[in-house]
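As a plain string of letters, each chain reads:
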Amino acid sequence: MVAGERAAGYWQLTGHEPFFAGHFPGRPTLPGVLMAEAIAQLGAYIALCDHRFAGKLPLFGGLDSARFRRQVNPGDRLDLEVEMIRLSARAGRGAGRASVNGELACSCELLFVAVDAG
């Protein structure tokens, strides 16, 4: 992680997550919205480690150009990467990717605004 610039992380799916039971019965699949949320949480981490965001809370402002390319299944490791495109003291835009074994599962651009945490 480089504060205010980029980060990488992962989510190891065990298959015991409650959403797998209903999405979809007989063919458990990680919901696309949760892939986008995982990317957004990594983006928030990048922002919150930057001194300009001390005492702030990053809130979702938008999701652009979201694409879902492959299923993510129980037991998969979802590798995450986010790079900030623009970052100011009040808002930002980042580009993120989620992949499994090097194969793209999701890509999107994130917009967020920073508000006082208190």
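These lines cover the structure that appears in this document, whether it is placed above or below. The structure presented is a predicted model; accordingly, all values stated were derived computationally and were not measured.

Let us look at the packing of aromatic side chains. One pass over the structure, following the stated rule, counts 3 aromatic pairs. The interplanar angle of 75 degrees and the centroid separation of 6.2 Å between the aromatic rings of Trp11 and Phe19 together place this pair among those described as edge-to-face. Seen from their ring centres, Phe53 and Phe112 are 5.9 Å apart, and the 55 degrees between their planes marks the pair as tilted. Of this pair, Phe53 sits in the loop between α2 (32-48) and β2 (56-68) while Phe112 sits in strand β5 (residues 103-116), placing them 59 residues apart in sequence. Residues Phe53 and Phe112 agree in their burial class; the two are buried. By the ring-pair criterion, three or more aromatic residues cluster together here, those being Trp11, Phe19 and Phe20. Of note, Arg77 hangs over the ring of Tyr10, and the distance from its end group to the ring centre comes to 3.8 Å.

The next subject is the pattern of salt bridges. Summed over all chains, the structure comprises 8 salt bridges. Where Asp64 meets Arg93, a salt bridge forms, and the shortest distance between an N and an O atom there is 3.5 Å. Residue Asp64 is found in strand β2, and its partner Arg93 is found in strand β4 (residues 91-100); the two are separated by 29 residues along the sequence. Here Arg77 and Asp79 are joined by a salt bridge, their closest N and O atoms 2.7 Å apart. One network of salt bridges, in which partners are shared, links Asp64, Arg93 and Glu109.

The next thing to look at is the pairing of strand β3 (residues 77-87). Examined bridge by bridge, strand β1 (residues 6-12) and β3 share 7 bridges and lie antiparallel to one another. Within β3, the position partnered with Ala8 by the bridge is Glu81. Connecting β3 to the antiparallel partner β4 that follows it, the hairpin turn spans 3 residues.

Calculation rules
Residues numbered from 1 in each chain as written. Predicted model: local features only at pLDDT ≥ 70, side-chain atom pairs only at ≥ 80, totals over all residues. Heavy atoms only, no water. Phe/Tyr/Trp six-rings, centres within 6.5 Å; stacked < 30°, edge-to-face > 60°. Helix = DSSP H or I, 4+ residues; strand = E, 2+ residues; numbered from the N terminus. Buried < 20%, exposed > 50% of the residue type's maximum accessible area, 1.4 Å probe, protein only. Lys NZ or Arg CZ within 6 Å of the ring centre and 35° of its normal. Salt bridge = Lys/Arg side-chain N within 4 Å of Asp/Glu carboxyl O. Pairing = 2+ DSSP bridges.

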